[in-house]
Structure formats: C-alpha cells, structure tokens
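# Descriptive analysis of the structure
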Amino acid sequence: MVTSSAPMLPATPAYGALPSSPEERKPRRMSTGVTSSAPMLPATPAYGALPSSPEERKPRRMSTMVMVLCAAACGVVIGLSAAHFQSSGLSLSVRAPSAMVGATRQLNVAGFASRQQKEAVEKFKETGLRPGVKPKSPEPETRKGRSIVADAVNVDVKDFDGNVVGSDSLALKVARPETAKGLVHRYLRYARNALRAGTASTLTRGEVRGGGKKPYRQKKTGNARQGSKRTPLRPGGGVIFGPKPRDFSIDMNQKERRIAMATALQSASEDVIVIEDLAGKFDSPKTKDMTSFLTRVGTKPSEEKVLLVVEGQKRNALLSARNIDRLRINKPTSLKIIDVLGADKIVIEKGAFDTMKGIFGPAPVAAAEAA
C-alpha cells in the first residue's frame, strides 16, 4: 500500500448533499459571518420602492414641484402666444394643450355653447327661421284662385240647312292648366262610379248551406283530411275573397263638378256647332230626317259620336234621334261628362248654348246680364 506525505484534504460532499452533522455546518456559518474591513456602501432601494423616512422623501418632493411649476409656465406662455396670433389674424402651428385650446375657442364663440349654436343664432337673426325649418318658396301668381275665365273662342252658328248665319263666343269659367286634367279626371271617376250598382255578392264557406258534418274520418282513408264539404277547395263550396255589396261612389263638391264640366266643354270648343232653334223643324218622328240634318251641319252620324244638346222638350226631334246608335241627346242642365268627353262633335241649339253659358260662365258676366 502506497502512502503519501501530503496532507489529506477534507472530503467534498456531493453536489446537492446536505451536511450531516453540526460540525460540518460550522465552517459555512463561519464563512457567512466573515466581515471585511472595507467601508460598506449604502444599500440602493429596489425599483419602485417608496422611501422609508421623511429625509429620503424631501428631494423628490422638491423635484416634482419644480416640474409642475415649469409645465404651468410653459402652458401660460403658449396660450398667450396663441391668443396673440389668433387676434392678429395669423396661424400658429404649435399645438397647445387642450385646456388652452378650449380657452381660444371661447374667444370665438363667447356667450355660446358651441360654434354650431352661434351659427344657428346668427341664421335665426337673419331669416327668422329656427334650425331644421326650410324657407317656404314664394307662391307663384298662377296658383292664386282655383279657376280662371278662358279666352273667348268664336263658334259658327248654322241654320237648319247647314248654312252659316252668324257667330257666337264661348268663354267659360274653367280650371287652371296645372289642375285641369286632374279635376276633369276626378269628375269622370265620380260619374262612372255613380253608375255602379255595387250589388255583386258571393257566399263564403260559412254562408253556404250544408257542410256541418265531417265528410270522412281523419286518418286511414288515403285522402287529404277534410272538415267540411263546403270548403273553398271543393265544388259547391264557399268563395275565397269574393265580392260583397259595397258603395263605389266618391265625394265631389258641386262647384268642382261645375268647373270640371266647363273645362271639358271649353276644351272641345273646336268641335262645337251651334244651330238655330229646332222647334217645328221635324214634322214627324223620322230617323232619316235627323240623319240628313246632322250631315248637313257638318257631322257624320254613322261614323262619329255626336252629342245633341236641345232646349226644352222637342218630341219629334227626340223620337227621330233615339234610333241612331252613335247619337246622344240631352239638355244643358243635365249634361254628362262621359258624353262630353266621348263625343267627336257637339251640336248645341242656340237657346241651349245661351243657357249653358249662364250656368258655366263667369259669375260677374251672368250678374251683369241679369241686371
């Protein structure tokens, strides 16, 4: 066995092994407690740690107060500069703090909550309109009044043989051009709806007789389920959304109807033919005599729709005209808008023409003539 004179070193414990006896732990305690003769530096507090004594807090308080005073002084200087530039009409590119921007805004809208409120108040002083109210356009002169007197139109007066023996003028109180078409159309609807009886009626499934019993069982028949024989899906059943008695009439003032009729007559003035009185012209009721008379005055009763307006009762004339298919005969006090609009020629007796002008003509003229 080989021996060495070198001193034996203490055995090093394995990595992570703990000392097994108090003697082995003593050197570590001794080494931990070793002090050095070098001067010790003051310990630096951790990041974010607050000072523990008032002496340590004094320097920081002083520095914070200095920073606040400097920031306030800079803000005041910038604000005064911005106000000076704005009052002199120049623009400042430096962005001022929000508090100073608010101060400069108050210089522009002094006494108002915002710029929009100031503009609204100024607009109200100029126009007298509140915000959101649009100014009304001035009403044109053509809209004043609901009717006008049409320009006079000369109409030829013919005798029984078709010769021109004179002329007369037609100037009725009509609707204005912008409302004439709608007014005449409404009167046409008024007249046509008045002709409808409105008696069409159908029976619903609840009104049809029968159908109270279920026709067959609900299931196991192979058929679609049915609850009544009078269902609208089967023959003999009720009608879905069928017509029921109703009133088709519409309302229209008498003045509107009069103006609409006058407008229709005035617009047909080119097709109006005035004839002399037919009293005693027809000795007997003959259709041939009426047809030849209408042809002489300038109409084609076999091709055109003709409206004959007579004054009073002309028996032979009425009996002679009733067998002509395209001829309608009426009195000036009971004219129909459907006949006036649908006629190609309007033949008016002289007395009926004067009566028609008194009904549909301007009121001042009628009053003057009566006086």
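Placed above this text is the structure.
### Side note on the overall build of the protein
A tally of regular secondary structure across the protein gives 11 helices and eight strands. When the 371 residues of the protein are sorted by exposure, 25% land in the buried category. Taking all contacts inside the protein whose residues are at least 6 apart in sequence as the whole, residues at least 24 apart take part in 65%. On the protein, roughly 27700 Å² of surface is accessible, and the fraction owed to carbon and sulfur atoms is 55%.

### What about the sheet that holds strand β8 (residues 345-349)?
Read across the sheet, six strands follow the order β3-β2-β5-β8-β6-β7 without closing on themselves; strand pairing throughout is mixed. Lying at the two open borders of the sheet, with one neighbouring strand each, are β3 (164-170) and β7 (327-330). Sheet twist, expressed as the mean angle between neighbouring strand axes with direction ignored, is 25°. One ladder, built from four bridges, connects strand β6 (residues 306-309) with β7; its direction is parallel. By the bridge assignment, Leu-307 is partnered in β7 with Arg-328. Strands in contact with helix α10 (residues 350-360) are β3, β5 (272-275), β6 and β8; relative to β3, the strand with the most contacts, it is inclined by about 10°.

### With respect to the pattern of salt bridges
According to the stated counting rule, one finds eight salt bridges in the structure shown. In this structure, Lys-357 engages Asp-168 in a salt bridge whose closest nitrogen and oxygen atoms are separated by 3.2 Å. Within this pair, whereas Lys-357 is found in helix α10, its partner Asp-168 is found in strand β3, the two being separated by 189 residues in sequence. For Lys-244, the salt bridge goes to Glu-207, with nearest N and O atoms at 2.9 Å. Placement of the pair is Lys-244 in the loop between α5 (177-194) and α6 (254-267) and Glu-207 in the loop between α5 and α6, with a sequence separation of 37 residues. When salt bridges that share partners are traced, they join Asp-168, Lys-350, Asp-354 and Lys-357 into one network.

### Some thoughts on the packing of α6 against α10
Orientation of α6 relative to α10, taken along the N-to-C sense of each, is 135°, at an axis distance of 10 Å. Classed by the angle they form, the pair α6 and α10 counts as oblique. Our pair here, α6 against α10, has a crossing hand that is left-handed. Mapping the contact onto sequence places Arg-258, Met-261, Ala-262 and Leu-265 in α6 and Met-356, Ile-359 and Phe-360 in α10. Across the contact of α6 with α10, the residue classes tally to six nonpolar, no polar and one charged.

### Section: helix α7 (residues 287-296)
Every buried residue of α7 is listed here: Met-290, Phe-293 and Leu-294. For α7, the angular spread of the buried residues around the axis is 95°, confining them to a single face. Lining the buried residues of α7 we find β5, β6, α8 (315-321) and β7. Directly after α7, the chain includes Gly-298, whose backbone phi takes a positive value near 110°.

### Details of the environment of Val-274
Of note, Val-274 is situated in strand β5. Other than its neighbours up to four places away in sequence, Val-274 contacts Val-155, Asp-156, Val-157, Lys-158, Ile-348, Lys-350 and Phe-353.

### Topic: empty space enclosed by the protein
Inspection of the entire model under this criterion finds one cavity of 30 Å³ or more. Approximately 30 Å³ is the volume found for the largest cavity. Along its surface, the largest cavity is lined by Lys-158, Asp-159, Phe-160, Ile-275, Glu-276, Asp-277, Leu-278, Lys-281 and Phe-293. Class assignment of the residues belonging to the lining of the largest cavity gives a composition of four nonpolar, no polar and five charged.

### With respect to the pairing of β6
By the alternation rule, side chains of β6 split into Val-306 and Leu-308 and Leu-307 and Val-309, which are all buried. The β-α-β motif built from β6, the intervening α8 and the parallel element β7 has right-handed crossover chirality. Pairing analysis gives four bridges linking β6 to β8, with the strands arranged parallel. Within β8, the position partnered with Leu-308 by the bridge is Val-347.

### A few points about unusual backbone geometry
One non-glycine residue with positive phi stands out, namely Lys-220, at about 65°. Tracing the chain through its elements places Lys-220 in the loop between α5 and α6. The exposed category is assigned to Lys-220, whose relative accessible area is 77%. Look at Phe-241: it is not a glycine, yet its phi comes out positive at around 55°. Residue placement: Phe-241 occurs in the loop between α5 and α6.

### Let's talk about the nonpolar core
Formed by 33 residues in total, the largest nonpolar core has its most connected members in Met-261, Leu-265, Ile-346, Ile-348, Met-356 and Phe-360. Examining the composition of this core, we find that six residues originate from one element, α6, more than from any other. Apart from residues lying up to four places away in sequence, Met-261 is in contact with Tyr-187, Leu-335, Lys-336, Ile-337, Val-340 and Phe-360. Ile-275, Leu-308, Ala-317 and Ala-321 belong to the second-largest nonpolar core, a separate cluster that totals 17 residues.

The rules behind the values
- Residues numbered from 1 in each chain as written.
- Predicted model: local features only at pLDDT ≥ 70, side-chain atom pairs only at ≥ 80, totals over all residues.
- Heavy atoms only, no water.
- Helix = DSSP H or I, 4+ residues; strand = E, 2+ residues; numbered from the N terminus.
- Buried < 20%, exposed > 50% of the residue type's maximum accessible area, 1.4 Å probe, protein only.
- Contact = heavy atoms within 4.5 Å.
- Areas by Shrake-Rupley, 256 points an atom, 1.4 Å probe, with all protein chains shown as cover.
- Pairing = 2+ DSSP bridges.
- Axes fitted to C-alpha atoms, helices over the stretch in contact; angles between N-to-C directions.
- Salt bridge = Lys/Arg side-chain N within 4 Å of Asp/Glu carboxyl O.
- Parallel < 35°, antiparallel > 145°, perpendicular 65-115°, else oblique.
- Left-handed = near helix turned anticlockwise from the far one by under 90°.
- Nonpolar A, V, L, I, M, F, W, Y, C, P; charged D, E, K, R; others polar.
- Arc of directions from axis to C-beta.
- 1 Å grid on protein atoms, 1.4 Å probe; cavity = no way out; pocket = protein on both sides within 12 Å on 5 of 7 lines; lining within 4 Å.
- Points joined across faces, edges and corners; volume = space filled by probe spheres on them.
- Right-handed = clockwise from strand over helix to strand, strands pointing away.
- Core = buried A, V, L, I, M, F, W, Y, C linked by side-chain atoms within 4.5 Å.

Structural measurements only, silent on function.
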